Number of protein chains: 2
Amino acid sequence: MSNNSALEFATENGARFVDELKALLRIPSVSTSPEHKDDVRRAAEFVAAELKRIGMDHVRLIETDGHPLVYADHLHAVGKPTVLCYGHYDVQPAEPLEEWISPPFEPTERDGNLYARGAVDDKGQMWMHVKALESLLTAHGGVLPANVRVIVEGEEEVGGEGIAAFVKEHGDALQSDVALVSDTEMFAPGLPTLCVGLRGMIYTEIEVRGARTDLHSGMYGGAAPNPFFALTQIIAQLKDADGRILIPHFADELQAPTEDELKAWKSLPFDEEHYRETEVGSSDLTGEPGFSVLERTWARPTLEVHGMPGGFIGAGAKTVIPAKAVAKVSMRLVPDMMPQKSFERFRDYVLSLVPKGVSVEVRLIHSGDPIVISTDNPYVRAATDAMQSVFGKDTVFVRSGGSIPIVGDFERHLKIPTLMMGFGLPDDNLHAPNEKFHLQNFHDGIQSIIRFFQNVA
Amino acid sequence: MSNNSALEFATENGARFVDELKALLRIPSVSTSPEHKDDVRRAAEFVAAELKRIGMDHVRLIETDGHPLVYADHLHAVGKPTVLCYGHYDVQPAEPLEEWISPPFEPTERDGNLYARGAVDDKGQMWMHVKALESLLTAHGGVLPANVRVIVEGEEEVGGEGIAAFVKEHGDALQSDVALVSDTEMFAPGLPTLCVGLRGMIYTEIEVRGARTDLHSGMYGGAAPNPFFALTQIIAQLKDADGRILIPHFADELQAPTEDELKAWKSLPFDEEHYRETEVGSSDLTGEPGFSVLERTWARPTLEVHGMPGGFIGAGAKTVIPAKAVAKVSMRLVPDMMPQKSFERFRDYVLSLVPKGVSVEVRLIHSGDPIVISTDNPYVRAATDAMQSVFGKDTVFVRSGGSIPIVGDFERHLKIPTLMMGFGLPDDNLHAPNEKFHLQNFHDGIQSIIRFFQNVA
């Protein structure tokens, strides 16, 4: 059979692939909801059954403290590299339900899109991996051009602790040469994209305590310290009016993007005014002067306040001076800023700003490393060539301002690079009502992944 | 009968007075709780029935949009002044219940104190008025030395809208020469006290809006405005590090206390370190340098943040850049700062501080005038002489940092001064678990009020 028979098989069976995906999307595997615990397991079993049916080996569920992992492999391509395919079968909650045009767990096609919770994040993209493997196995009589391991988790939307522990403790069982993750998006429709950088983060809480108990602001206003006022004094000194972080030495280890990378970003189809109007909707964009939006969101550290619990937040007026107040503050990090050192600098600076009368505790809630993946390796070439064949365009290399902790875990514990080759689109409504997957991208993604495996070999 | 027979009657019937008060305290007239609506009315009816029994005229419930007012009068002292006795029969919620040593609605005597919700605030103090009137009426054959009106409200703990509307619209029905309010405390045990000043207030909300919807801080951090950060930037500029309010012209109309008043305050038994340790419990007291604690809490404007609703306030980490955030900010005012003008200056200053990318709305939630009552009138002399007879000490004149809006309403609409002659103690646990009334103060208060009526005549 020719190299093209797998591609032909995928084309001929595309409608069935979509029907199978719809069956998977009907399972409401919302990992954060205890009442969907059985549904989450049902989705894991659905994926495992299909991996077995298409001819993968050692298919099994790996139990964790939370939802199970699905594992499979096919390691018969002697002398060839091993690819670790990663995806997740859990989904975000669907609320608010009233904003969905069609029900979130009744997959519905409209205008060439498949609408459902999980359509693109990540059931649809994970299914591309499975269907590419099926196409290759069927067209080549049970033989794959490269070695393959598959690991699919069910806790990506709730922190991914199970897979993180497994990768850390049983890395040998996943030993591979490169990881393939399809959980990102294309920069623009029809534009093949590899994501080669992720920001890291530290998520913290600043807790300020003043008086022993809540006090009445009439009786004690003017004598008792106010933890909220102290917090505003501290936080207002963390960034300047332009958005520059003022924490001493915070970005000492920052590695600026290369000239080539910056030049490539400038040539991307991106209009700041359109972005402001359609995506953000504020009167102005904010952030450090002298950097473009893409630089600011991909390659600069940022600091955000997410909420300030404490005191009185009901309707109307209550005149309390609260005994304590908290601010939830996170920072995004870029290579080579490391979370622990960044946290210590942040904490030390905050503690240097403590006003009179209050005590302050700074806590690290969780963290993740920033990642930049070298584009100078044969797997990147295998991926870009594959997508060039399918889309007829050169791949753009982008970064993401967000964090995908598993990529750092693969780098740290498996010592392998990750290809983030995603086929979502910027308007796919991830984590929002009316999530969708553009069906042409589903099919083009399968074609790209088949060619990628062939190129890797 | 002698002038002293009313005092003797009160002494002889003191135990019965306490028993009656206990019956009133057993009614959980929590005005903020819809489930206690009937209890609140029951308390009103209890008070009305007693006013009728002791011989007051025109006793009636006056309906409002909320809980009823209780009215009574006795206007037969031709040529004598009319005293308006004010009190309230509603109470604060009793929660947290587990912190009460004896149940809040089962009045219990321990160590010379009567413990119950409302014991001192204000059922016990209001009952002193009723029992003083009973003693005078009984001892003098149904005659009172002065004219008396009684108005008792059931919404003091929830804003007092009903009585405010009544005073404004039907002021004639309450026409009097002086109001007597027993809802404050003595500066120290055994030290007769008149409160002659209250701070006013404006309670506001600052609402900041940035992006159209909540955004993910990974994707948008560095480009989208953060309403919480904007709020901290604004609020940190409202006061300096020492607590001085920075709003331009905010205190232009402020009238400093007289030299005599300041001198009197200095002679009060007050230890700042003891106050810090026992009442506030913070490491330091805060507030404007150069002013004593009493000056700062009684005679200086202050600004407090009570809470900052919006964003993510749950446990753990959610990386949202909220579309909006709110700060609840109130300011205490001192004579002659007026609420409307103060609000306008505050609002204009806040709007001058708005950072890039956000829009800000400043709302006035409610307000109250600051009050200082002249001590140069015969009613003050009648009160201080009365308390001198009972306590054997000269009365001290203090202010309160809090606000009692009805006092401003009496001044504005009835054009009469108010005597705030209270018999609570600083450790009576108002609005807190284990509220109490020192029983000796209950009896001494009745004696003082009887003598006050006699002196007024």
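Residues numbered from 1 in each chain as written. Chains lettered and ligands numbered in written order. Predicted model: local features only at pLDDT ≥ 70, side-chain atom pairs only at ≥ 80, totals over all residues. Heavy atoms only, no water.

Undergrad: Looking at this structure, I do not really get helix H9 (residues 272-280) of chain B. What am I missing?
TA: Because each turn of an α-helix spans 3.6 residues, side chains separated by three or four positions in sequence point in the same direction. Inspection of H9(B) places Tyr275(B), Arg276(B) and Val280(B) among the buried residues, and these make up the whole buried set. Projected down its long axis, H9(B) shows its buried positions confined to an angular sector of 100°, all on one face. Buried residues in H9(B) make contact with strand E10 (215-216) and helix H6 (217-220) of chain A together with helix H10 (293-298) of chain B. A positive backbone phi angle near 80° is found at Gly281(B), which sits one or two residues after H9(B). (Buried < 20%, exposed > 50% of the residue type's maximum accessible area, 1.4 Å probe, protein only. Helix = DSSP H or I, 4+ residues; strand = E, 2+ residues; numbered from the N terminus. Arc of directions from axis to C-beta. Contact = heavy atoms within 4.5 Å.)

Undergrad: What exactly am I supposed to notice about the sheet that holds strand E11 (residues 302-307) of chain A here?
TA: Sheets are built from strands that pair by backbone hydrogen bonding, the pairs being arranged parallel or antiparallel. All names here are of chain A. Read from one edge to the other, the open sheet built from four strands follows the order E11-E13-E9-E14, with strand pairing classed as antiparallel. Each having just a single partner strand, E11 and strand E14 (359-368) make up the two edges of the open sheet. Going across the sheet, the axis of each strand differs from the next one's by a mean of 25°, ignoring polarity. Relative to strand E13 (residues 324-333), strand E9 (residues 200-209) is paired through ten bridges, and the arrangement is antiparallel. Its bridge partner lying in E13, Arg209 is registered against Lys324. (Pairing = 2+ DSSP bridges. Axes fitted to C-alpha atoms, helices over the stretch in contact; angles between N-to-C directions.)

Undergrad: Before we go on, may I ask you to explain the packing of helix H12 (residues 378-391) of chain A against helix H14 (residues 439-456) of chain A in this structure?
TA: Packed helices, taken two at a time, are described by the angle their axes make and the gap between the axes. All names here are of chain A. Orientation of H12 relative to H14, taken along the N-to-C sense of each, is 135°, at an axis distance of 8 Å. With respect to their mutual orientation, H12 and H14 come out oblique. By crossing handedness, the relation of H12 to H14 is classed as right-handed. In this structure, H12 contributes Tyr379, Ala382, Ala383, Asp385, Ala386, Met387, Ser389, Val390 and Phe391 to the contact, and H14 contributes Asp444, Gln447, Ser448, Arg451, Phe452, Asn455 and Val456. Taken together, the residues of the contact of H12 with H14 sort by class into nine nonpolar, four polar and three charged. (Parallel < 35°, antiparallel > 145°, perpendicular 65-115°, else oblique. Left-handed = near helix turned anticlockwise from the far one by under 90°. Nonpolar A, V, L, I, M, F, W, Y, C, P; charged D, E, K, R; others polar.)

Undergrad: Sorry, what's going on with the relation of the copies chain A and chain B here?
TA: The relation between the two chain copies is a rotation about an axis coupled with a shift along that axis. Taken as rigid bodies, chain A and chain B are interconverted by a rotation of 180° and an axial shift of 0.2 Å, the fit giving an RMSD of 0.2 Å. Expressed as an axis order, the relation between the two copies is that of a two-fold axis. By C-alpha distance to the rotation axis, the residue of chain A lying nearest is Thr232(A), at 2.2 Å. Taken together, the interface assignments show that 100% of the residues at the interface of chain A recur at the interface of chain B, consistent with an identical surface on both copies. (Least-squares fit on C-alpha atoms with pLDDT ≥ 70 in both.)

Undergrad: Looking at this model, I keep getting lost on the sheet that holds strand E4 (residues 108-110) of chain B. Mind explaining?
TA: Residues and elements named next belong to chain B. The strand order across the open sheet formed by three strands is E4-E5-E18, and the pairing between neighbours is antiparallel. The sheet terminates laterally at E4 and strand E18 (436-438), the two strands that pair on one side only. Strand-to-strand twist in this sheet, taken as the mean axis angle between neighbours without regard to direction, amounts to 25°. The pairing of strand E5 (residues 113-115) with E18 spans three bridges and is antiparallel. From the neighbouring strand, Tyr115 faces E18, where its bridge partner is Lys436. Packing of helix H14 (residues 439-456) onto the sheet brings it into contact with E4, E5 and E18, and relative to E18 it is tilted by some 60°.

Undergrad: How do you make sense of a negative patch on the surface when you look at a structure like this?
TA: Residue and element names in this part refer to chain B. A cluster of like negative charges, contributed by Glu35, Glu95, Glu98 and Glu99, occupies part of the molecular surface. Among the structural elements, Glu35 can be located in the loop between helix H2 (14-25) and helix H3 (37-53). Overall, Glu35 belongs to the exposed group, its relative accessible area being 62%. (Patch = residues over 30% accessible without salt bridge, like charges linked within 9 Å, V, L, I, M, F, W, Y side chains within 5 Å. Areas by Shrake-Rupley, 256 points an atom, 1.4 Å probe, with all protein chains shown as cover. Salt bridge = Lys/Arg side-chain N within 4 Å of Asp/Glu carboxyl O. Lys, Arg positive; Asp, Glu negative; His and termini not counted. Charge placed at Lys NZ, Arg CZ, Asp CG, Glu CD.)

Undergrad: I'm lost on the pattern of salt bridges in this one. Help?
TA: A side chain of one charge can pair with a side chain of the opposite charge when the charged atoms of the two come close. Residue and element names in this part refer to chain A. Counted under the stated rule, the structure contains 56 salt bridges over all chains. Residues Arg244 and Asp240 are paired through a salt bridge, measuring 2.9 Å at the closest nitrogen-oxygen approach. Sharing partners across several salt bridges, the network here consists of Glu205, Glu207, Arg209, Lys324, Lys328, Glu361 and Arg363.

Undergrad: Can you help me understand the interface of chain A and chain B in this one?
TA: How big an interface is tends to be stated in terms of accessible area lost as the parts join. Contacts between chain A and chain B engage 74 residues on the former and 74 residues on the latter. The tally of links from chain A across to chain B stands at zero salt bridges. Summed over the shared surface of chain A and chain B, the result is 29 residue pairs in polar contact (both at pLDDT 80 or more). (Polar contact = N/O pair within 3.5 Å; in protein donor to acceptor, adjacent residues only side chain to side chain.)

Undergrad: Just to check I follow, could you spell out helix H13 (residues 405-414) of chain B for this structure?
TA: Residue and element names in this part refer to chain B. Of all the residues in H13, the buried ones are Ile406, Val407, Gly408, Asp409, Phe410 and Leu414. Those residues of H13 that are buried lie in contact with strand E3 (82-88), helix H5 (161-169), strand E7 (178-181), strand E8 (193-198), strand E15 (371-372) and strand E17 (418-421). Phi turns positive, to about 55°, at Lys415, one or two residues after H13.

Undergrad: How should I be thinking about the side chain of Asp428(B) in this particular structure?
TA: Residues and elements named next belong to chain B. Position of Asp428 among the secondary structure elements: in the loop between E17 and E18. Among the polar contacts listed, one links the side chain of Asp428 to the side chain of Lys436, at a separation of 2.6 Å. Residues in contact with Asp428, not counting those within four places in the same chain, are Val120, Asn434, Glu435, Lys436 and His438.

Undergrad: I tried to follow the pairing of E17(B) on my own but got confused; where do I start?
TA: Regular strands have side chains that alternate between both faces of the sheet. All names here are of chain B. Alternating positions in E17 separate into two faces, Thr418 and Met420 on one and Leu419 and Met421 on the other, with burial throughout. In the sheet, E8 pairs with E17 via two bridges, with the strands oriented antiparallel. Along E17, the bridge assignment pairs Leu194 with Met421.

Undergrad: I'm lost on the domain arrangement of chain A in this one. Help?
TA: All names here are of chain A. Looking at chain A, the domain boundaries give domain 1 (5-198 + 370-456) and domain 2 (200-254 + 301-368). The C-alpha-based centres of domain 1 and domain 2 are spaced at 38 Å. Summing both sides of the interface, domain 1 and domain 2 together bury roughly 520 Å²; the carbon and sulfur share of this comes to 63%. The interface formed by domain 1 and domain 2 holds zero salt bridges in total. Taken together, the links from domain 1 to domain 2 amount to one residue pair in polar contact (both at pLDDT 80 or more). Of the residues belonging to the side of domain 1 that touches domain 2, the class tally is four nonpolar, three polar and one charged. (Domains from an automatic or database assignment. Buried area = accessible area lost by both parts, 1.4 Å probe.)

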